Structure formats: structure tokens, C-alpha cells
Amino acid sequence: MKIEDILARLLHEVALLIANGHLTERRLARLTGISQPHIHHILNGKRRITPQVADLILEALGLDARRLVEEERALVSSEDA
């Protein structure tokens, strides 16, 4: 498993929260202190998410990186089966 996989999993989680109406880019920007346009570009793949930004998002949303790793492992295992 690579860090890129974990970062992609985090972005997937954020995208789901936004799609389900539980979060907006603007709110995430306020919570993290990152500009909304920068958040938008990260979510749309125009900019790469850095570990530092990932940490801010994890903290702001109360997510645990270990959970993302476990979910990514489970996803990979189910694809291999």
C-alpha cells in the first residue's frame, strides 16, 4: 500500500461527504484554513493533495488515518478475491 492510495481514499471520503450534502467545499475550507479554490482544485484533481493538507482535513473532519488504511486494505483484499 502506498501513501497515494491512502490520500486517494481520503479524497474519496471527502467527495462522498460533499455528494451526500454533509459537507461543502466552503465549509471544509473554513475548517482547515485552506482556501476554497485550493480545496476545489484538489478534489477535482487539478492539484495534488499533500500530506500536510491531508492532516488538516483529517483533523478538521475528525477522521483517523488508521481507519483509512484499514478500509483501503479491505478494499484491496476484496478486489484480489
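In what follows, the structure referred to is the one given above.
Bear in mind the structure is a predicted one, so any value in this text is a computation, not a measurement.

Peer 1: Talk me through helix 2 (residues 25-32); I want residue IDs and the actual numbers.
Peer 2: What helix 2 keeps buried is the set Glu 25, Leu 28, Ala 29 and Thr 32. With its buried residues spanning 105° around the axis, helix 2 presents them on a single face. Counted as exposed and oriented over 90 degrees from the buried face of helix 2: Arg 26 and Arg 30. In this structure, the buried residues of helix 2 make contact with helix 1 (3-19), helix 3 (36-43) and helix 4 (51-61). Phi for Gly 33, located one or two positions after helix 2, is positive at around 80°.

Peer 1: Would you mind going over the nonpolar core in detail, with residue names and values included?
Peer 2: Among the nonpolar cores identified, the biggest contains 17 residues, and Leu 10, Val 14, Leu 28, Ile 49, Val 53 and Ile 57 are the most heavily contacted of them. Secondary-structure elements contributing two or more residues to this core are helix 1, helix 2, helix 3, helix 4 and helix 5 (65-80). Ignoring any residue separated from it by four or fewer positions in sequence, one finds Ile 57 in contact with Leu 10, Val 14, Leu 28, Thr 32 and Ile 49.

Peer 1: Hey, could you go over the side chain of Glu 25 for me, with residue numbers and the actual values?
Peer 2: Examined against the element boundaries, Glu 25 turns out to sit in helix 2. For the buried residue Glu 25, which engages in no salt bridge, the nearest side chain bearing the opposite charge is Arg 26, 8.8 Å off. Residue contacts for Glu 25: discarding those within four places in its chain leaves Ile 18, Gln 36, Ile 39, His 40 and Leu 43.

Peer 1: Summarise the pattern of salt bridges; cite the residues concerned and give the values.
Peer 2: Inspection of the entire model under this criterion finds 3 salt bridges. Of the charged contacts, one joins Arg 66 and Asp 64 as a salt bridge, the two residues approaching to 3.2 Å between their closest N and O atoms. Classification of Arg 66 as exposed rests on a relative accessible area of 59%.

Criteria and cut-off values
- Residues numbered from 1 in each chain as written.
- Predicted model: local features only at pLDDT ≥ 70, side-chain atom pairs only at ≥ 80, totals over all residues.
- Heavy atoms only, no water.
- Buried < 20%, exposed > 50% of the residue type's maximum accessible area, 1.4 Å probe, protein only.
- Helix = DSSP H or I, 4+ residues; strand = E, 2+ residues; numbered from the N terminus.
- Arc of directions from axis to C-beta.
- Contact = heavy atoms within 4.5 Å.
- Core = buried A, V, L, I, M, F, W, Y, C linked by side-chain atoms within 4.5 Å.
- Lys, Arg positive; Asp, Glu negative; His and termini not counted.
- Salt bridge = Lys/Arg side-chain N within 4 Å of Asp/Glu carboxyl O.

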